[in-house]
Amino acid sequence: MQRKAIAFTGPSGSGKTTLIEKIAQKLVGSRKVVVVKHDPSDKARFDREGKDSDRFFKTGADVAVVSPTRTSCFSHRPRSIEEIGDLFGDFDLMMVEGLKTLPLPRLGVFRGRIDPEYLGVLQAVAVDETVDLKHDELPEEIEILNLNDTDAVIRWIDAHALPLK
């Protein structure tokens, strides 16, 4: 199993989640896929107030909830991408949404216009017809992909994803 990782970046509403979802749907039958979602504002909630796991987590302990169909982990400390990979064990592809500081190959997802603030961390962009590439100039080294061509995006991922240690 080659544990490879790739990252997706772009403004809110650009289509990152939809693209990752489409890629996962295509690959899950033939590969083990992991998705890591960055929550920069720390607002995601995964358990209900007063439930056992919520009560355990509030003690300061890290908590795992195990059922016949899933395992959920709640930790009080941030983890490195390698540590997160270790939590999942064997996988073929990890797709990370966000986390611009990670040293991973990064695909920018844009609609309407390309935000130049992202260009310093990107190796490629996935755009649709709403982006005017004549107006939004890109550095030569940034590849341009069609946001609606999931197969082309997967080929780019296969060529650029980095192995995790």
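Please read all numbers here as calculations on a predicted model, not as lab measurements.

A. How the structure looks around the overall build of the protein. Of the regular secondary structure elements, the protein holds 4 helices and 9 strands. Each helix and strand of the protein, ordered N terminal to C terminal, gives the series β-α-β-α-β-β-α-β-β-β-β-α-β. On the principal axes, the C-alpha backbone points of the protein span a range of 55 × 35 × 25 Å. Across the 165 residues of the protein, 38% fall into the buried class. When the accessible area of the protein is evaluated, it comes to approximately 10,300 Å², of which 51% is carbon and sulfur surface. When the 24 positive and 27 negative side-chain charges of the protein are each reduced to one mean point, those points stand 6 Å apart.

B. Just empty space enclosed by the protein, in detail. Applying the stated criterion to the full structure yields 1 cavity of 30 Å³ or more. Each pocket or cavity is described by its volume, and for the largest cavity that value is around 30 Å³. Surrounding the largest cavity, Gly-15, Thr-18, Leu-19, Lys-22, Arg-111, Leu-147 and Asn-148 form its lining. Across the lining of the largest cavity, the residue classes break down as 2 nonpolar, 3 polar and 2 charged.

C. Just the packing of helix 1 (residues 16–27) against helix 4 (residues 150–160), in detail. The interhelical angle for the contact between helix 1 and helix 4, taken along N-to-C directions, is 80°, at an axis separation of 10 Å. In terms of orientation, helix 1 lies roughly perpendicular with respect to helix 4. Contact residues: Leu-19, Lys-22, Ile-23, Lys-26 and Leu-27 in helix 1; Thr-150, Asp-151, Val-153, Ile-154 and Ile-157 in helix 4. A class-by-class count of the residues in the contact of helix 1 with helix 4 yields 6 nonpolar, 1 polar and 3 charged.

D. Representation of the pattern of salt bridges within the structure. On inspection of all chains with the given rule, the structure shows 9 salt bridges. A salt bridge links Asp-62 to Arg-79; the shortest N-O distance between them is 3.3 Å. With Asp-62 in the loop between helix 2 (52–58) and strand 3 (63–66) and Arg-79 in the loop between strand 4 (71–74) and helix 3 (81–88), this pair connects stretches of sequence that are 17 residues apart. Owing to a relative accessible area of 30%, Arg-79 belongs among the partly exposed residues under this scheme.

E. Spotlight on the packing of aromatic side chains. Applying the stated criterion across every chain yields a total of 2 aromatic pairs. Centre to centre, the rings of Phe-110 and Tyr-118 are 5.6 Å apart; their planes meet at 75°, and the pair counts as edge-to-face. Exposure remark for Tyr-118: the relative accessible area of 12% places this residue in the buried category.

F. Highlighting the side chain of Lys-16. The topology assignment puts Lys-16 in helix 1. Among buried Asp, Glu, Lys and Arg side chains, Lys-16 stands out as unpaired, with Glu-97 the closest opposite charge at 4.3 Å. In this structure the side chain of Lys-16 is engaged in a polar contact, spanning 2.9 Å, whose partner is the backbone oxygen of Gly-10. Looking at Lys-16, its side chain comes within polar contact range of the main-chain oxygen of Pro-11, at 3.0 Å. Residues contacting Lys-16, with those up to four places away along its chain left out, are Phe-8, Thr-9, Gly-10, Pro-11, Glu-97 and Val-109.

G. Here's a closer look at the environment of Ala-5. Locating Ala-5 in the fold gives a position in strand 1 (residues 4–9). Here Ala-5 falls in the buried class, since its relative accessible area comes to 0%. Between the alpha carbons of Ala-5 and Pro-105 there is a distance of 7.9 Å; along the sequence they are 100 residues apart. In this view, Ala-5 contacts Met-94, Leu-104, Pro-105, Ala-161, Leu-162 and Leu-164; residues no more than four positions away in its chain are not counted.

Parameters at a glance
- Residues numbered from 1 in each chain as written.
- Predicted model: local features only at pLDDT ≥ 70, side-chain atom pairs only at ≥ 80, totals over all residues.
- Heavy atoms only, no water.
- Helix = DSSP H or I, 4+ residues; strand = E, 2+ residues; numbered from the N terminus.
- Buried < 20%, exposed > 50% of the residue type's maximum accessible area, 1.4 Å probe, protein only.
- Areas by Shrake-Rupley, 256 points an atom, 1.4 Å probe, with all protein chains shown as cover.
- Lys, Arg positive; Asp, Glu negative; His and termini not counted.
- Charge placed at Lys NZ, Arg CZ, Asp CG, Glu CD.
- 1 Å grid on protein atoms, 1.4 Å probe; cavity = no way out; pocket = protein on both sides within 12 Å on 5 of 7 lines; lining within 4 Å.
- Points joined across faces, edges and corners; volume = space filled by probe spheres on them.
- Nonpolar A, V, L, I, M, F, W, Y, C, P; charged D, E, K, R; others polar.
- Axes fitted to C-alpha atoms, helices over the stretch in contact; angles between N-to-C directions.
- Parallel < 35°, antiparallel > 145°, perpendicular 65-115°, else oblique.
- Contact = heavy atoms within 4.5 Å.
- Salt bridge = Lys/Arg side-chain N within 4 Å of Asp/Glu carboxyl O.
- Phe/Tyr/Trp six-rings, centres within 6.5 Å; stacked < 30°, edge-to-face > 60°.
- Polar contact = N/O pair within 3.5 Å; in protein donor to acceptor, adjacent residues only side chain to side chain.

Function-wise, these values are silent; they only describe arrangement.
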